[in-house]
Amino acid sequence: MKTTVIKVDNLTKTFGRFTAVDHISFEVSRGEIFGFLGANGAGKTTAMRMLCGLSRPTSGSGTVAGCDISRSSEEVKKHIGYMSQKFALYEDLKVWENMRLYAGIYGVKRREIPKVIDDMLATLGFTAEKNTLVKELPLGWKQKLAFSVSIIHRPSIVFLDEPTGGVDPAARRQFWELIYKAAADGITVFVTTHYMDEAEYCNRVSIMVDGRIEALGTPSDLKQKFAASSMDEVFTMLARSAKRADN
Amino acid sequence: MIILLLLPVLMIILFGFGISTEIKNTNVAVFDPLRNTTTQQIVNDLSMSEYFIIDRYLSRIEDAESVLKTGGVGLVLVFGDASVQLITDGSDPNTATTLTSYATAIINMSVMRNQQITTPDTPQINIEMKLLYNPTMKGAYNTVPGVLGMVLMLICTMMTSISIAREKETGSMELLLVSPVKPITIILSKTAPYFALSLVSFATVLLLSVFVLHVPIVGSLALLIGLTMIFIFLCLSLGVLISIAAPSQIVAMLVSAVVMMMPTMLLSGLMFPIENMPLALQAVAQILPVKWYIEAARSVMIKGVGIAGIVRELIILSAMALFFLAVSVKKFNKRIE
């Protein structure tokens, strides 16, 4: 049975006269990998920030994990994980220190922290790097670590904002294996990307153009609808109509 | 970090000795048409002190100005019929004030001793002071409270604002904000290390001032520590506030430097007396937290005032601290918009 974990209705965000997100509506079910696509400046990050409770919607409504994003954004934060565009772990701390810090911040019980860290190191195959400073890790490893840290508290939803920027295809594939594993464990994955090969990995994708969702469906549905052979073609067709410049 | 710990040492030494060495061994020129025992006694007493060296006797009163200007003389002593005139170079008001107050004290003592041993009908000598270019008086033990204020401001305000702004730059702040952690927890944990660091600096400055500069702590040490805690708390809140407004480390640094450090150095009364400033600047000085701290710290350290004497300062500082903290916590929540 499908349970809806994210439900968004006419969500809008304006900055002065600029409408960054323009009446978007969609639903995401539990355990789904939902790709949130769009060119730079299409409004992906803004939309995601509203869902995470970082930014207040101008109008429209939404619930994340059953909590209203405008009224109880603090409640939302207890149920989500977040990985930002920028690599945001503390570079001067060791791998396990970062894990311990975020486990504490996200409210993992003190007694359980050592076990959580050990499990995570084993899953990542990082046991030998436990005491390595994060700044000495290769970028691909850092991103895997950042993802694992973002789900350290077993959230029901994890938001990934362009998690694989700047890494090679092999590392990206490994990263997606982690995402699949998380989804199999019942964590809903909400991911923005502009790599169209990654869009193919998602259960469903939405494509944002100029703040609006122009297409929504499974990758195969969308390819069929736009008579395209790949998501890349679908995206190019839609993006061509964009009026906003890349920023 | 090492720089932060060395900085107070450097500042206290620069400021402390910068002022005190100037006053020692000042050359004095004397114009003494009377040449009687009283005047001889005064000149003698002056030359005995460690502050003054009798450099030369002037034959004409007109020479007074030229020796001040070019002669390397810091003080001219002019004896009149029943008065002594002290002429100093007021273009450096701090030194000038200190010189005259030292000389006055020595002359007073000399005169008093004289009066005790001589017959009552000896002409009374009235001392008449004249401070060229700057008629106000200013105390000398200004340095230590002033340096304390500046160092604490630097460490707490500047470093806190930079450290929080750095988290914004690296993106880790975003991660903290999506976590269920309360803003007050983030703020407290970001400020705690700087709180500890400033206590270390505070102790360093106090030790240096007592044992190296020989500036005594007359009043209660506990009161001084309490006062300083409040001020540190205030500086930290201000640092947090700046970092919330500043998008990057460089902006945070510039804002703290330009908006906070400059007025602190120039307007707090550390370098120039507040009473001498134009009214507008005096008004600005009133809203500087550091001004109140320096005043209170000076009262406690130098004058030995008890808690009753600095109630006003304590209230103002606490109110400012709470205000900044309240604004920070309120603004912190909605930052990513």
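Notes on the structure in this doc start here. This is a predicted model, so every value here is computed, not measured.

Let's talk about the overall build of chain A
Within chain A, the secondary structure is distributed over nine helices and 10 strands. The C-alpha atoms of chain A give 18 Å as radius of gyration, which agrees with the globular expectation for 247 residues (18 Å, within 12%). C-alpha extents for chain A along the principal axes are approximately 50 × 40 × 40 Å. Looking at chain A as a whole, 51% of its 247 residues are labelled buried. If you take every contact in chain A between residues at least 6 apart in sequence, the share linking residues at least 24 apart comes to 68%.

What about the packing of helix α5 (residues 139-150) of chain A against helix α6 (residues 169-184) of chain A?
Residue and element names in this part refer to chain A. The contact between α5 and α6 brings their axes to 9 Å, and the two run at 10 degrees. Considering their axes alone, α5 and α6 lie roughly parallel with respect to each other. Here the hand of the crossing between α5 and α6 comes out right-handed. Listed contacts from α6 to G140, Q143, K144, F147 and S148 of α5 are A171, Q174, F175, L178, I179 and A182. Among the residues making up the contact of α5 with α6, the classes are represented as six nonpolar, four polar and one charged.

Here we look at unusual backbone geometry
The backbone of A65(A) shows a phi angle near 50 degrees, a positive value even though the residue is not glycine. Inspection of the secondary structure puts A65(A) in the loop between β4 (59-64) and β5 (67-68).

Let's talk about the packing of aromatic side chains
The final tally for this structure, using the stated rule, is 15 aromatic pairs over all chains. With 5.1 Å between their ring centres and 55 degrees between their planes, F159(A) and F190(A) make a pair best called tilted. Of this pair, F159(A) sits in strand β7 (residues 157-161) while F190(A) is found in strand β8 (residues 188-193), placing the two residues 31 residues apart along the sequence. In this pair, the class of F159(A) matches that of F190(A), namely buried. What links up through ring pairs into an aromatic cluster is the set F26(A), F34(A), F36(A), F159(A) and F190(A). Across the ring face of Y57(B), the terminal group of R35(B) is positioned such that the distance to the ring centre comes to 4.4 Å.

Let's talk about the pattern of salt bridges
All names here are of chain A. Following the criterion strictly, the structure yields 21 salt bridges over all chains and no others. The salt bridge partner of E162 is K44, with a shortest N-O separation of 3.3 Å. Of this pair, E162 sits in the loop between β7 and α6 while K44 sits in helix α1 (residues 44-51), and the two are 118 residues apart along the sequence. You'll find E162 and K44 in the same group, each marked buried. Here K142 ties to E91 by a salt bridge, and the two come within 3.2 Å at their closest N and O atoms.

Quick word on the sheet that holds β5(A)
Residues and elements named next belong to chain A. The strand order across the open sheet formed by four strands is β2-β1-β4-β5, and the pairing between neighbours is antiparallel. Whereas interior strands pair on both sides, the edge strands pair on one side only; in this sheet they are β2 (18-29) and β5. Relative to β2, strand β1 (residues 4-15) runs antiparallel, the two sharing eight bridges. Bridge pairing in β2 links F15 to F18. Sheet strands in contact with α1 are β1, β2 and β4, and its direction is about 120 degrees off that of β1.

Quick word on the interface of chain A and chain B
Contacts between the two partners involve 22 residues from chain A and, on the opposite side, 17 residues from chain B. Both sides together, the interface formed by chain A and chain B hides about 1800 Å², and carbon and sulfur atoms give 57% of it. Viewed at the interface, chain B and chain A are joined by one salt bridge. One salt bridge in this structure joins E174(B) and R49(A), with 3.2 Å as the shortest N-O distance. At the surface where chain A touches chain B, the tally comes to five residue pairs in polar contact (both at pLDDT 80 or more). Of all the secondary structure elements, the ones that give two or more residues to the side of chain A that touches chain B are β1, α2 (73-77), β6 (80-83) and α3 (95-105) of chain A. No other element matches β6(A), which puts three residues into the side of chain A that touches chain B. Grouping the constituent residues of the side of chain A that touches chain B by class yields 13 nonpolar, two polar and seven charged.

Parameters at a glance
Residues numbered from 1 in each chain as written. Chains lettered and ligands numbered in written order. Predicted model: local features only at pLDDT ≥ 70, side-chain atom pairs only at ≥ 80, totals over all residues. Heavy atoms only, no water. Helix = DSSP H or I, 4+ residues; strand = E, 2+ residues; numbered from the N terminus. Rg over C-alpha atoms; globule rule 2.2 N^0.38 Å. Buried < 20%, exposed > 50% of the residue type's maximum accessible area, 1.4 Å probe, protein only. Contact = heavy atoms within 4.5 Å. Axes fitted to C-alpha atoms, helices over the stretch in contact; angles between N-to-C directions. Parallel < 35°, antiparallel > 145°, perpendicular 65-115°, else oblique. Left-handed = near helix turned anticlockwise from the far one by under 90°. Nonpolar A, V, L, I, M, F, W, Y, C, P; charged D, E, K, R; others polar. Phe/Tyr/Trp six-rings, centres within 6.5 Å; stacked < 30°, edge-to-face > 60°. Lys NZ or Arg CZ within 6 Å of the ring centre and 35° of its normal. Salt bridge = Lys/Arg side-chain N within 4 Å of Asp/Glu carboxyl O. Pairing = 2+ DSSP bridges. Buried area = accessible area lost by both parts, 1.4 Å probe. Polar contact = N/O pair within 3.5 Å; in protein donor to acceptor, adjacent residues only side chain to side chain.

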